[in-house]
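# Per-entry structural report
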Amino acid sequence: MQEALNSNETDAAAIPNKRYFTIGEVGKLCDLKPHVLRYWEQEFDQIEPVKRNNRRYYQRQDVLLIRQIKSLLHDQGYTISGARQWLSGEGSEDDQSRYKQLLRQTIVELEELLGTLKAR
């Protein structure tokens, strides 16, 4: 399990402490191309960037959700419909794996924060 955490740790960039992110910034933070993010917006109702002047602005919770979706699709092998069900809470038999994923994600975020604090 520690090896999986280390690979996630290196893949996940720390999320800057700001209110809004452009689609380009989110793409860099999540290692995804903008067209993938726009496609995922259509597929996942939970991704709701603020739209102003025909531009998308994502918030921190959107970035975390996109990282979670990427993990479900790319790392855990879920299909889009399976990831959609997982996010909506259907299939309660997967509760244990959901909690494990949430814990892994939280650990990675905390380790990134600790690394940032130590660097100061």
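Residues numbered from 1 in each chain as written. Predicted model: local features only at pLDDT ≥ 70, side-chain atom pairs only at ≥ 80, totals over all residues. Heavy atoms only, no water.

## A few points about the packing of aromatic side chains
For clarity, the threshold we go by: Working definition: rings of Phe, Tyr and Trp (its six-membered ring) pair if their centres are within 6.5 Å, and the pair is stacked with planes under 30 degrees apart, edge-to-face with planes over 60 apart, and tilted otherwise. When a residue's accessible area, from a 1.4 Å probe over protein chains only, is under 20% of the maximum for its type it is buried; when over 50% it is exposed; and in between it is partly exposed.
Scanning all chains against the criterion turns up 2 aromatic pairs. Considering the side-chain rings of Trp40 and Phe44, the 6.5 Å spacing of their centres and the 85 degrees angle between planes classify their relative orientation as edge-to-face. Overall, Phe44 belongs to the buried group, its relative accessible area being 0%.

## Considering the confidence of the model for the protein chain
Operational definition: Every residue is assigned a pLDDT by the predictor, reflecting its confidence on a scale from 0 to 100. By definition, residues are in contact when any of their heavy atoms lie within 4.5 Å.
Residues with a pLDDT of 70 or more make up 82% of the protein chain, whose mean pLDDT is 83. Low pLDDT, under 50, characterises residues 1-12; the stretch is placed with 12 contacts to residues that sit more than four places away or in other chains.

## A few points about the packing of helix α2 (residues 23-30) against helix α4 (residues 60-75)
As a reminder of what qualifies: Angles shown run from 0 to 180 degrees and are taken between the N-to-C directions of axes, each axis being a line fitted to C-alpha atoms and, for helices, limited to the stretch in contact. Helix and strand definitions here come from DSSP, where helices need a minimum of 4 consecutive H or I residues and strands a minimum of 2 consecutive E residues; each element is numbered from the N-terminal end. Roughly parallel refers to an angle under 35 degrees, roughly antiparallel to one over 145, roughly perpendicular to one between 65 and 115, and oblique to any angle outside these ranges. Handedness of a helix crossing follows the sense of rotation of the near helix relative to the far helix, less than a right angle counterclockwise being left-handed and clockwise being right-handed. Gly falls in the polar group here, along with every residue not listed as nonpolar (Ala, Val, Leu, Ile, Met, Phe, Trp, Tyr, Cys, Pro) or charged (Asp, Glu, Lys, Arg).
Two elements in contact, α2 and α4, have axes whose closest approach is 10 Å; the angle formed by their N-to-C orientations is 45 degrees. Here α2 is positioned oblique relative to α4, judged by the angle of their axes. Seen along the crossing, α2 lies across α4 with a hand that is right-handed. For the pair α2 and α4, the contacting residues are Val26, Leu29 and Cys30 in the first and Val63, Ile66, Arg67 and Lys70 in the second. Classifying every residue of the contact of α2 with α4 by side-chain character gives 5 nonpolar, no polar and 2 charged.

## Regarding the sheet that holds strand β2 (residues 50-52)
Note the following rule: Here, any two strands with at least 2 DSSP bridges between them count as paired.
An order of β1-β3-β2 is seen for the 3 strands of this open sheet, with the pairing classed as antiparallel. Sheet topology places β1 (21-22) and β2 at the edges, where each strand pairs with a single neighbour.

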